[in-house]
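Listed below, chain by chain, are the residues.
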Amino acid sequence: MAPGVRAGLGTDSLNPDRFFDSDPAIRSVARALYEETRALPIVSPHGHVDARILAENAPFPEPTSLIVQPDHYILRLLYANGVQLDALLNGDPRHVWQVFAEHYYLFRGTPTGAWLDHELHEVFGVRERLSADTAARVYDAIRERLQSPEFRPRALFERFNIEVLATTDAASDMLEHHCAIRESGWKGRVIPTFRPDALFRIASRGWAGALDALGRADGEPVRDYLGFVRALADRRAYFKSLGATATDHAVLEPYTGALEGEEAERLFHQACQGEVTPADERRFTAHLLMEMARLSLEDGLTMQIHPGSLRDHNRLVSERFGPDRGGDIPVATEFTRNLRPLLNAYGNDPRLTLVVFTLDESTYSRELAPLAGHYPAMRLGPPWWFFDSMEGMRRFREQTTETAGIYKTAGFNDDTRAFCSIPARHDLARRIDANSLAGLVARHVIDENDARPMARALAYDLAKQTYHL
């Protein structure tokens, strides 16, 4: 631990006015708006919780595998401060928790710290600061609670007041856990999301395996480009039959453009021979994004694009520990020219819902808000990854609302693998949005009667509308 640093954050008590403005005029309105939204059901239209958890409904074994190890927000900051990932991911759970507690001070001032404080206090009833001295007691208290029926996954789902939870699934996934949830008779709504990213990356070493998996899932080998698109359409239909309302596409850049003539077939054939370049992959991905928009017009699935993340930047970490360990780094992203082919082809049709995210905040007011403020099909995804934060959400509202309004945004996504952090993430977003609207009320841009339905829309209605829920 750093010399002179007290390890704990404020989990012994949570200030009811946390994250609200210090100006009493703003704070009082923010408090009133938040009171109207805090108990609304949680709509989680984009996230990464493993459906197996809710299908099996087995007790969570202990706190480390539930809170620390699945959360790359936690892992990345610990690793950045010298804690070895091998020790975090493969060590004795009690020892890992001790290390986590000793470094808990690192999360001060971060959204991760805010989420953790809420999770420990509100979900697990922890009433003392997590520190090196309290780590063992807190670990034992949480572990004991996890053995009770009230802390089984489905009981927590209901306690969290989750109305719907969307997972993110590969195109070839058979969705057996979603099927099991449906067949169990439990009423919780857990739906898949179609994510075919591995099939777009024709220059990657894993593409041939992904293509084989697609053929097995679809019931016959994929031999040509037309068969490839047909298989993707079939899988979309299968996902939709199990409740899916959206697709998701993680790309380095939102480059779109239709290939001419037989070019798509030629590139597909070359990919099957292992004879494509990254430039070929870029063009093929641009074409497939156009195809996904076309298919969304046919089947009604909301289309999400998450561009601008250079995945697994740290090769040593990704090669040793796999993806999703906190090594994704943002890159500058251009939208106006890159999205123009797709928006010109499909963006004027209000039947399409296209949700665009960014990790480049400089594009909020320059490109994204003007695009969403013009094209009927386009909506702005909420602040994502590094900007799903107190200041990140504030900057997003400040830079997009004047041009696009709030009703061309998609509400809130928690986008998490950490199941027990879901209510904390939604609570923080509702507080920040209430505070943002309260600032507009205090400056007489809107009045409180305007702000109330706007707060509800941001907390609940917009996510349901955007994702057809």
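Residues numbered from 1 in each chain as written. Predicted model: local features only at pLDDT ≥ 70, side-chain atom pairs only at ≥ 80, totals over all residues. Heavy atoms only, no water.

Attention now goes to the overall build of the protein. Scanning the protein from N- to C-terminus turns up 21 helices and 11 strands. When its C-alpha atoms are laid out on the principal axes, the protein stretches across 65 × 55 × 50 Å. Sequence separation of 24 or more characterises 80% of the internal contacts of the protein that already satisfy a separation of 6 or more. Carbon and sulfur atoms form 49% of the exposed surface of the protein, whose accessible area is close to 19,600 Å². Each charge sign in the protein was given a centre, from 54 positive and 66 negative side chains, and these centres are 2 Å apart. (Helix = DSSP H or I, 4+ residues; strand = E, 2+ residues; numbered from the N terminus. Contact = heavy atoms within 4.5 Å. Areas by Shrake-Rupley, 256 points an atom, 1.4 Å probe, with all protein chains shown as cover. Lys, Arg positive; Asp, Glu negative; His and termini not counted. Charge placed at Lys NZ, Arg CZ, Asp CG, Glu CD.)

What follows deals with the nonpolar core. Of all hydrophobic cores here, the largest spans 84 residues; its most connected members are Phe228 and Met378. The contacts of phenylalanine 228, once residues within four sequence positions are left out, are Leu199, Leu211, Leu214, Val222, Phe268, Phe284 and Leu288. Core analysis: the next-biggest nonpolar cluster, separate from the first, contains 49 residues, Val123, Val126, Ile162 and Val190 among them. (Core = buried A, V, L, I, M, F, W, Y, C linked by side-chain atoms within 4.5 Å. Buried < 20%, exposed > 50% of the residue type's maximum accessible area, 1.4 Å probe, protein only.)

Turning our eyes to something else, we now look at the packing of aromatic side chains. Tallied over the full model, the rule gives 21 aromatic pairs. With 6.4 Å between their ring centres and 70° between their planes, phenylalanine 357 and tryptophan 384 make a pair best called edge-to-face. Of the two residues, phenylalanine 357 is situated in the loop between β10 (354-356) and α18 (363-372) and tryptophan 384 in the loop between β11 (378-380) and α19 (390-404); the sequence distance between them amounts to 27 residues. Connected via pairs of aromatic rings, a cluster forms that spans Trp97, Phe100, Tyr104, Phe107 and Tyr139. If you follow arginine 282 out to its NZ or CZ, it ends over the ring of tyrosine 255, 3.7 Å from the centre. Over the aromatic face of tryptophan 115 sits the side chain of arginine 425, whose NZ or CZ is 3.9 Å from the ring centroid. (Phe/Tyr/Trp six-rings, centres within 6.5 Å; stacked < 30°, edge-to-face > 60°. Lys NZ or Arg CZ within 6 Å of the ring centre and 35° of its normal.)

Taken together, the buried positions of helix α10 (residues 176-184) are His177, His178, Cys179 and Ile181. Contact partners of the buried residues in α10: α2 (51-56), α9 (153-159), β3 (169-170), β4 (190-191) and α13 (225-241). The positive-phi residue at the C-terminal boundary of α10 is glycine 185, with phi of around 90°.

Quick look at a nonpolar patch on the surface now. A cluster of nonpolar residues, Leu252, Leu310 and Ile329, forms a patch on the protein surface that exposes about 220 Å² of accessible area. Among the secondary structure elements, isoleucine 329 is positioned in strand β9 (residues 329-330). (Patch = residues over 30% accessible without salt bridge, like charges linked within 9 Å, V, L, I, M, F, W, Y side chains within 5 Å. Salt bridge = Lys/Arg side-chain N within 4 Å of Asp/Glu carboxyl O.)

To continue, consider α13. End to end, α13 covers 24 Å across 17 residues, agreeing with the expected 24 Å (1.5 Å per residue, within 8%). Within α13, the full set of buried residues consists of Tyr225, Gly227, Phe228, Val229, Ala231, Leu232, Arg235, Arg236 and Phe239. (Expected span 1.5 Å × (residues − 1).)

Moving on, we get to the environment of threonine 110. Here threonine 110 shows up in the loop between α6 (93-102) and α7 (111-123). Threonine 110 sits 174 residues away from phenylalanine 284 along the chain, and the two C-alpha atoms are 39 Å apart. The residues touching threonine 110, leaving out its near neighbours within four places in the chain, are Leu77 and Met390. One polar contact links the side chain of threonine 110 to the main-chain amide nitrogen of glycine 113, over a distance of 3.0 Å. (Polar contact = N/O pair within 3.5 Å; in protein donor to acceptor, adjacent residues only side chain to side chain.)

Further remarks concern the confidence of the model for the protein. Per-residue confidence for the protein averages 95 on the pLDDT scale, and 97% of its residues sit at or above 70. Of the regions scoring below 50 in pLDDT, residues 1-10 engages in 32 contacts with residues more than four places distant in sequence or in other chains. (pLDDT = per-residue confidence, 0-100.)

Here we take up the sheet that holds strand β1 (residues 42-44). Spatially, β1-β2-β4 is the arrangement adopted by the three strands of the open sheet, whose pairing is parallel. A strand with exactly one partner marks an edge of an open sheet, and here the two such strands are β1 and β4. Bridge count for β1 against strand β2 (residues 162-166) is three bridges, and the pairing is parallel. Of the residues in β2, the one forming a bridge with valine 43 is valine 164. (Pairing = 2+ DSSP bridges.)

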